[in-house]
Amino acid sequence: QVQLVESGGGLVQAGGSLRLSCAASGRTFSTLVMGWFRQAPGKKREFVAVISWRGGSTYYADSVKGRFTISSDNAKNTVYLQMNSLKPEDTAVYYCAADRSRAIVVGREPDYWGQGTQVTVSS
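Analysis parameters
Residues numbered from 1 in each chain as written. Predicted model: local features only at pLDDT ≥ 70, side-chain atom pairs only at ≥ 80, totals over all residues. Heavy atoms only, no water. Helix = DSSP H or I, 4+ residues; strand = E, 2+ residues; numbered from the N terminus. Rg over C-alpha atoms; globule rule 2.2 N^0.38 Å. Phe/Tyr/Trp six-rings, centres within 6.5 Å; stacked < 30°, edge-to-face > 60°. Lys NZ or Arg CZ within 6 Å of the ring centre and 35° of its normal. Salt bridge = Lys/Arg side-chain N within 4 Å of Asp/Glu carboxyl O. Pairing = 2+ DSSP bridges. Axes fitted to C-alpha atoms, helices over the stretch in contact; angles between N-to-C directions.

Observations regarding the overall build of the protein chain
(1) Moving on: The helix and strand tally for the protein chain stands at zero helices and 11 strands.
(2) Moving on: The helix and strand sequence of the protein chain, counted from the amino end, reads β-β-β-β-β-β-β-β-β-β-β.
(3) Moving on: What you see for the protein chain is a C-alpha radius of gyration of 13 Å, in line with the 14 Å of a compact globule of 123 residues.
(4) Moving on: Viewed in the frame of its principal axes, the protein chain has a C-alpha envelope of about 40 × 25 × 25 Å.

Below, the structure is given as structure tokens:
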């Protein structure tokens, strides 16, 4: 099993920044990638960004490309999501996920999920 704990959410004005953290513990060696997803009220959960533990390759949803940056600290088993130039439409619960495949980018259900952290962007 892998446990994921997110932190760093909150309330910010449009144009501001937040950094989310996701600390992984347990059988992290069984995972290949870490990702961030989000779910806004009344909408389906959507992919945001993914990073590979080995090599650090990344991929982003078009809606956040150029504004969000995903990174990892392998020594701490922690993944970050730096969110800049935030918009009201970025308001959502953000979830960290871990999986053995990059296919989570194209709809595969991740093996592990965190509990989520609320991000609210006011206009």
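Quick notes on the packing of aromatic side chains
(1) Moving on: Under the defined criterion, the tally for this structure stands at four aromatic pairs.
(2) Moving on: Between the aromatic rings of Phe47 and Tyr59, the centroid separation amounts to 6.1 Å while the plane-to-plane angle is 25°, which identifies the pairing as stacked. You can see Phe47 sitting in strand β5 (residues 46–52) and its partner Tyr59 sitting in strand β6 (residues 58–60), a full 12 residues away along the chain.
(3) Moving on: An aromatic cluster is present here, built from Phe37, Phe47, Tyr59, Tyr95 and Trp113 joined pairwise through their rings.
(4) Moving on: Just above the ring of Tyr95 sits the side chain of Arg45; from NZ or CZ to the centre is 4.7 Å.
(5) Moving on: Over the ring of Trp113 we find Arg45; its NZ or CZ atom is 3.8 Å from the centre of that ring.

Focus: the pattern of salt bridges
(1) Moving on: Under the criterion given, the structure shown has seven salt bridges.
(2) Moving on: The network of salt bridges with shared partners includes Arg38, Glu46, Arg67 and Asp90.

Focus: the sheet that holds strand β3 (residues 18–26)
The strands making up a sheet are joined through hydrogen bonds of the backbone, oriented either antiparallel or parallel.
(1) Moving on: Reading across from one edge, β1-β3-β8-β7 is the order of the four strands in this open sheet, with antiparallel pairing throughout. Two strands bound the open sheet, and with one partner strand each, they are β1 (2–7) and β7 (68–73). Taking each pair of neighbouring strands and ignoring which way they run, the sheet shows an average axis angle of 20°.

Interpretation in functional terms is not warranted from these geometric data alone.
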